[in-house]
Amino acid sequence: MKCRRIRGVLLDYIGAELSATKRQQVDGHLKACPDCRAALAQLQEVWNGFAHQPLPQKDEQFWEKLTRGVMQEIRRKRSIPAHEKKPFFVPGWRVLLPTTAAAIAIIMAVIIFRGGPWGPLAPAGKDQWVTQDEQEALVEAVSDLSFAPLAQEAQDPLGGEMTLQEVSLVAESLSTSLQQAETTDVLTQLYNEEDPYGQLEGLTEGELEEFYQLLSSKYPYS
Amino acid sequence: MGGEDRLVERALAGDEGAFEELVRTYQAPIYYLALRFVRDEQAAADLAQTAFLKAFQGLQNFRRGAMFKTWLYRIAINLCKNHLRDRARKGLETSAEIDLPSHSNPLKELIAHEDQRIMLQAWEQLPERQRLTVTLKIQEGMKYREIAGVLGCSVGTVKANFHHACKKMKEILQEGRDEMP
């Protein structure tokens, strides 16, 4: 074997990690090679330096105390009743608190999204139908108006004068061509007893009451 | 089944006496292993005690057929690593000096002290993994295969770590001696 290979296994030689055959080969080489013997001596010194690292010697009392300490602790842990032992996993407040908060937030979000705790307050799309009913009711109500002031000329929203027939047409056009939102606005204004078209201004109290009676009979949803 | 395996089986069955025997067998190696690492006698004693407690608590998970010694060393080494990391995090130095035995001859003591100083200096410069390997190989007399089991790496890695550590120690020792008057 060459010196380089021998030196590569010298630590294994010291540490008894070589097979019997290899060990014999190294022994044979070392007998004949003073350089490798010197390398071995150096490594042996390092090895011995590690191996004989001085450590404090402990007396019997120390070891007895150590053993007693371990066994006492084991007995102490064993003597703890089962109900006092900490279970494998008990979520503490650090886990419970954010989990509860998250659950409450989710529930609140669902309630708000659905429009109430037991679902939507009104069935989906009902608002639209109501609006359409209101539009129809308005058209009918305005068409059936037969008392005098409304049959006479009245002011339209643009400031011009219009007949009852024209008012009907406007009302119809409101329900057909205007945006639904605008129609709703008109109706809201009517309910609030406002008169955007100025047609009710000239009515007497009795006529006005008759108008509202007629309107409420045609429009029972209010 | 060997004597140690039987002790482990009995301990598993709840026999405290059997576990006490295991403690008596391994307390010195585990204590000195910890002491070499943490260089603090009180901490080493605490770590050794904790290692046995952890071993007892985890005995149900101990794989039958595996070596109890390897398993116990692994527990102790992990505890030592954690201890050193905690100490480093807190910025603490070794609090207690190791009380070394003294020589009767003052000259011998001086030379030995100097050699020890150089050795200790060299030792401190080694990476943790290499120090562990050297301890288990030289001071505990383990085979490469056994060390690989304890450290959870391959035999090749153990060999490489060991060879690097020794080479470095040889160089540091040589440099130290060259600097001596």
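Residues numbered from 1 in each chain as written. Chains lettered and ligands numbered in written order. Predicted model: local features only at pLDDT ≥ 70, side-chain atom pairs only at ≥ 80, totals over all residues. Heavy atoms only, no water.

**Notes on the overall build of chain A**
Link 1 in the chain: The helix and strand inventory of chain A stands at 11 helices and 2 strands.
Link 2 in the chain: Helices and strands appear in chain A in the N-to-C order α-α-α-α-α-α-α-α-β-β-α-α-α.
Link 3 in the chain: Buried residues in chain A amount to 29% of all 222 residues.
Link 4 in the chain: In the form shown here, chain A has an accessible surface area of approximately 15,200 Å², with 56% of it arising from carbon and sulfur atoms. (Helix = DSSP H or I, 4+ residues; strand = E, 2+ residues; numbered from the N terminus. Buried < 20%, exposed > 50% of the residue type's maximum accessible area, 1.4 Å probe, protein only. Areas by Shrake-Rupley, 256 points an atom, 1.4 Å probe, with all protein chains shown as cover.)

**Regarding the interface of chain B and chain A**
Link 1 in the chain: If you look at the interface, chain B gives 44 residues, while chain A gives 33 residues.
Link 2 in the chain: Ranking the residues of chain B by area buried against chain A places Glu16(B), Tyr32(B) and Ile138(B) at the top, with a combined share of 15%.
Link 3 in the chain: Connecting chain B to chain A are 6 salt bridges.
Link 4 in the chain: The salt bridge partner of Asp12(A) is Lys159(B), with a shortest N-O separation of 3.8 Å.
Link 5 in the chain: Counting every contact that joins chain B to chain A gives 13 residue pairs in polar contact (both at pLDDT 80 or more).
Link 6 in the chain: Elements represented by at least two residues in the side of chain B that touches chain A include exactly α2 (16–38), α3 (41–57), α5 (106–125), α6 (128–139) and α8 (155–179) of chain B.
Link 7 in the chain: Sort the elements by how many residues they give to the side of chain B that touches chain A and α2(B) lands first, with 11 residues. (Contact = heavy atoms within 4.5 Å. Buried area = accessible area lost by both parts, 1.4 Å probe. Salt bridge = Lys/Arg side-chain N within 4 Å of Asp/Glu carboxyl O. Polar contact = N/O pair within 3.5 Å; in protein donor to acceptor, adjacent residues only side chain to side chain.)

**A closer look at the packing of aromatic side chains**
Centre-to-centre distance and the angle between the planes together describe a pair of aromatic rings.
Link 1 in the chain: This model, assessed by the stated rule, comprises 13 aromatic pairs over all chains.
Link 2 in the chain: The interplanar angle of 80° and the centroid separation of 4.9 Å between the aromatic rings of Phe62(A) and Trp63(A) together place this pair among those described as edge-to-face.
Link 3 in the chain: With centroids separated by 5.9 Å and ring planes inclined at 50°, the aromatic side chains of Phe68(B) and Trp71(B) adopt a geometry described as tilted. Within this pair, Phe68(B) and its partner Trp71(B) are both found in helix α4 (residues 68–90), separated by 3 residues, close to a single helical turn.
Link 4 in the chain: One aromatic cluster in this structure is built from Phe62(A), Trp63(A), Tyr31(B) and Tyr32(B). (Phe/Tyr/Trp six-rings, centres within 6.5 Å; stacked < 30°, edge-to-face > 60°.)

**Observations regarding the confidence of the model for chain B**
Link 1 in the chain: On average, residues of chain B carry a pLDDT of 83, and 85% of them reach 70 or more.
Link 2 in the chain: Least confident of the elements in chain B is α5(B), whose mean pLDDT is 69; most confident is α3(B), at 93. (pLDDT = per-residue confidence, 0-100.)

**Some points on a nonpolar patch on the surface**
Link 1 in the chain: Taken together, the side chains of Ile104(A), Met108(A) and Ile112(A) present a nonpolar region at the surface, about 320 Å² in accessible area.
Link 2 in the chain: Assignment of secondary structure puts Met108(A) in helix α6 (residues 93–114). (Patch = residues over 30% accessible without salt bridge, like charges linked within 9 Å, V, L, I, M, F, W, Y side chains within 5 Å.)

**Observations concerning the packing of helix α5 (residues 60–79) of chain A against α3(B)**
Helices that pack against each other are described as a pair by the angle of their axes relative to one another and the distance between those axes.
Link 1 in the chain: Contact pair α5(A) / α3(B): the axes reach a minimum separation of 10 Å and the direction vectors enclose 40°. Viewed along their axes, α5(A) and α3(B) adopt a mutual orientation that is oblique. The element α5(A) and its partner α3(B) pack so that their crossing is right-handed. Here α5(A) contributes Phe62(A), Leu66(A), Gly69(A), Val70(A), Glu73(A), Ile74(A), Lys77(A) and Arg78(A) to the contact with α3(B), which in turn contributes Ala45(B), Ala48(B), Gln49(B), Phe52(B), Leu53(B), Phe56(B) and Gln57(B). (Axes fitted to C-alpha atoms, helices over the stretch in contact; angles between N-to-C directions. Parallel < 35°, antiparallel > 145°, perpendicular 65-115°, else oblique. Left-handed = near helix turned anticlockwise from the far one by under 90°.)

**Section: α2(B)**
Link 1 in the chain: Of all bends in α2(B), the biggest is about 50°, found at Tyr26(B), and the proline Pro29(B) comes one to four residues later.
Link 2 in the chain: Of the residues one or two after α2(B), Arg39(B) is the one with positive phi, at around 50°. (Bend = angle between axes of the 7 residues up to and from the residue.)

**A closer look at the pattern of salt bridges**
Link 1 in the chain: Considering all chains together, one arrives at 13 salt bridges over all chains under this definition.
Link 2 in the chain: Measuring nitrogen to oxygen at the nearest pair gives 2.5 Å for the salt bridge that ties Lys137(B) to Glu17(A). Taken as a pair, Lys137(B) in helix α6 and Glu17(A) in the loop between α2 (10–14) and α3 (20–32) lie in two separate chains rather than in one.
Link 3 in the chain: Residue class for Lys137(B) comes out buried when judged on its relative accessible area of 4%.
Link 4 in the chain: Here the salt bridges share partners, and the residues they tie into one network are Glu64(A), Arg75(A), Glu16(B), Glu20(B) and Arg24(B).

**Things to note about the side chain of Arg131(B)**
Link 1 in the chain: When you line up the elements, Arg131(B) lands in helix α6.
Link 2 in the chain: Those residues in contact with Arg131(B), other than ones at most four positions away along the chain, are Phe37(B), Trp123(B), Glu124(B) and Leu126(B).

**Points about the environment of Leu22(B)**
All names here are of chain B.
Link 1 in the chain: Within the secondary structure, Leu-22 sits in helix α2.
Link 2 in the chain: According to the relative accessible area criterion, Leu-22 is buried, its value standing at 1%.
Link 3 in the chain: Along the sequence, Leu-22 and Phe-52 sit 30 residues apart, while their C-alpha atoms lie 9.1 Å from each other.
Link 4 in the chain: Those residues in contact with Leu-22, other than ones at most four positions away along the chain, are Glu-4, Leu-7, Val-8, Phe-52 and Phe-68.

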